[in-house]
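Commentary on secondary and tertiary structure
Here's the letter readout for the chains.
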Amino acid sequence: MMKSLGLGYQKIDMCPNFCILYYLENAELTECMTCGHSRYKPITDKEKTLVAYKKLRYFLITPRL
C-alpha cells in the first residue's frame, strides 16, 4: 500500500534484545557488540540466505512532507 503511494521505507536489521541497529558503521557486524547475540537465524537445509532475527522499518519523513 505504501509503495503505490510513492512512500517507501528502509529495512534495517536490529539486535533481538534491542541493543543496537545494524546501520551505518555497524552494518557489517554479525554479532551484537553489547550482548553478543547473533544477527542472523541459524541456516537450515531449506534456507540458503541469511535471515535477520529482527528488522526495523524506517519510514523516511522527507517524501511525506
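Rules used in this analysis
- Numbers given for residues are sequential positions, taken from 1 along each chain in its written order.
- Where totals are concerned, whole chains, interfaces and linings use all residues; where local detail is concerned, this predicted model gives features only for residues with pLDDT of at least 70, and gives and counts side-chain atom pairs only at 80 or more.
- Side-chain calculation: all heavy atoms of the structure are included, whereas hydrogens and water are not.
- Within 6.5 Å between ring centres, the rings of Phe, Tyr and Trp (the latter by its six-membered ring) count as paired, and their orientation is classed by plane angle as stacked under 30 degrees, edge-to-face over 60, tilted in between.
- A run of H or I in DSSP counts as a helix once it spans at least four residues, and a run of E counts as a strand once it spans at least two, with each numbered from the N terminus.
- Here a patch means residues that are over 30% exposed by relative accessible area and free of salt bridges, tied together within 9 Å if like-charged and within 5 Å if nonpolar (Val, Leu, Ile, Met, Phe, Trp, Tyr).
- Exposure was quantified through the Shrake-Rupley algorithm and a 1.4 Å probe, taking into account, for residues, occlusion by the shown protein chains and nothing else.
- The rule for a salt bridge is simple: a side-chain nitrogen of Lys or Arg has to be within 4 Å of a carboxyl oxygen of Asp or Glu.

Comments concerning the packing of aromatic side chains
For the structure on display, the rule yields one aromatic pair. On the numbers, 5.6 Å between centres and 50 degrees between planes, the contact of Tyr9 with Phe59 is tilted. Of this pair, Tyr9 sits in the segment before strand S1 (10-14) while Phe59 is found in the segment after strand S2 (54-58), placing the two residues 50 residues apart along the sequence.

Quick notes on a nonpolar patch on the surface
On the surface, Leu21, Tyr23, Leu24, Leu56, Tyr58 and Leu60 cluster together to form a nonpolar patch covering roughly 520 Å² of accessible area. Relative to the assigned elements, Tyr23 resides in the loop between S1 and S2.

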